Amino acid sequence: MNAIPRLRFAHLPTPIEDLPRLSAALGGPRILVKRDDQTGLAFGGNKTRKLEFLVAEAQAQGARTLISGGALQSNHCRQTAAAAARCGMACILVLTGAAPARPSANLLLDGWLGARIVTVAERKDRDRRLQEVFEQSQAAGEKPYLVPYGGSSPTGALGYAFAVEEFMQQGVDADWFVFGTSSGGTHAGLMLGQRLFGYGGKVLGISIDEAEDWLKPHVSALATAAGECLGETIRFTPDDVLADASYCGAGYGVLTDAEREAVRLFARSEGLLLDPVYTGRAAAGLINLVRKGFFKKSDTVLFWHTGGQPALFSEQYANEL
Ligand SMILES: *Cc1c(COP(=O)(O)O)cnc(C)c1O
């Protein structure tokens, strides 16, 4: 395996904890949680592992400014802003939506972390606006690096390949990894890591907002390309990808009773906070799969917590949960 530049700012290894009260409440298999909500960088989350590789790549290219885009309450953008500050770089974020008069949650933190915020009214215009902002920054001599959407380039996905190496070194067995999947970098990285480091369980992504027929080819191509970054030739096909898109029908960020139940159940049975958009939905999927008898009673299921809790305090969700 080729060595690849990486910075070290994540708090690793993240703990693995048992959730016996949750397992009992569901009458299901043993459930563990991998606390990637504790990766550091302004409240942490799954983007921190990706950013260790992405910011290293940016610096290797001589970049001094990180530019990225996402939703107004993007966790990825908040962590990118924190990584920029941590590494002495500037940050510009192109966010979809109208900036509220009093920003809250992730958007509030983006400002505190020193990011310059550019808003774009509609999602369909975001990539064009991002490109314009990039070109302006370049023309101004700021040496920008475009952090891909969700940090999900092959380079970013490496963060999750090495997360599997970390898991293997923790000496815990799990038959399943279950987690929320959206831009696919976490999913692709875990699949690559499974092959590189010999994880014998299954890797099941609960889709947050994408159909399986988009997710599967996208994740398999990303996993293959991430392997190539390391000089490895491992071909992944769409059929290799385990994904369940049964829980995303309401649309991105739309809270339903299933997410509400998941957030409350984890909070009240284990004192563990989920977020409304990603881990709440992924856990709702996990809960439903347990109730349907999808897992064997003898299985151990590891829920990979990907963070996102600042969104609990956004005006959009604080009064809805
Ligand atoms: C971005 C994000 C995800 C999805 O990860 P991808 O690698 O984009 O699929 C899951 N959970 C949280 C909290 C996130 O911020």
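That block above? That's the structure.
So, here is what we can say about the structure in this document. (Residues numbered from 1 in each chain as written. Predicted model: local features only at pLDDT ≥ 70, side-chain atom pairs only at ≥ 80, totals over all residues. Heavy atoms only, no water.)

Tallying each qualifying case throughout the model produces 12 aromatic pairs. Consider the rings of Trp-176 and Phe-295, whose centres lie 5.4 Å apart with planes at 75°: the pair is edge-to-face. Linking Trp-176 in strand β7 (residues 176-181) with Phe-295 in the loop between α10 (279-291) and β10 (300-305), this pair joins segments that are 119 residues apart in sequence. Residue class for Trp-176 comes out buried when judged on its relative accessible area of 10%. Each ring, one from Tyr-252 and one from Tyr-278, has its centre 5.8 Å from the other, and the planes form 70°; the classification is edge-to-face. Taken together, the residues span a long stretch of sequence, with Tyr-252 in the loop between β9 (242-244) and α9 (257-270) and Tyr-278 in the loop between α9 and α10 at a distance of 26 residues. According to the relative accessible area criterion, Tyr-252 is partly exposed, its value standing at 36%. Feature note: the residues Tyr-160, Phe-167, Phe-177, Tyr-199 and Trp-304 constitute an aromatic cluster, connected by ring pairs. Directly above the aromatic system of Tyr-278 lies the positively charged group of Lys-47, at a separation of 5.7 Å from the ring centroid. The ring of Tyr-149 has Arg-123 sitting right over it, with the charged end atom 5.6 Å from the ring centre. (Phe/Tyr/Trp six-rings, centres within 6.5 Å; stacked < 30°, edge-to-face > 60°. Helix = DSSP H or I, 4+ residues; strand = E, 2+ residues; numbered from the N terminus. Buried < 20%, exposed > 50% of the residue type's maximum accessible area, 1.4 Å probe, protein only. Lys NZ or Arg CZ within 6 Å of the ring centre and 35° of its normal.)

Let us look at α10. Taking 1.5 Å of rise per residue, 13 residues should cover 18 Å, and α10 covers 18 Å from first to last C-alpha, within 8% of that figure. For α10, the complete set of buried residues consists of Thr-279, Gly-280, Arg-281, Ala-282, Ala-283, Ala-284, Gly-285, Leu-286, Ile-287, Leu-289 and Val-290. Of the residues trailing α10, Gly-293 is marked for its positive phi of about 75°. (Expected span 1.5 Å × (residues − 1).)

What follows deals with the nonpolar core. Membership of the largest hydrophobic core comes to 33 residues, with the highest contact counts inside it found for Phe-177, Leu-190, Leu-192 and Trp-304. It is helix α6 (residues 154-169) that provides the largest number of residues to this core, a total of eight residues. (Core = buried A, V, L, I, M, F, W, Y, C linked by side-chain atoms within 4.5 Å.)

This brings us to the sheet that holds β7. A sheet is described by the order of its strands in space; here six strands give the open sequence β1-β2-β10-β7-β8-β9, paired in mixed fashion. Each edge of the open sheet is held by one strand with a lone partner, namely β1 (16-18) and β9. Within this sheet the neighbouring strands show an average axis-to-axis angle of 30°, counted without direction. Pairing of strand β8 (residues 202-207) with β9 involves three bridges; the strand directions are parallel. Looking at β9, one finds that Gly-205 is bridged to Ala-243. Strands β7, β8, β9 and β10 of the sheet are contacted by helix α7 (residues 185-197), whose axis makes an angle of about 175° with β8. (Pairing = 2+ DSSP bridges. Axes fitted to C-alpha atoms, helices over the stretch in contact; angles between N-to-C directions. Contact = heavy atoms within 4.5 Å.)

On their own, these measurements won't tell you what the molecule is for.
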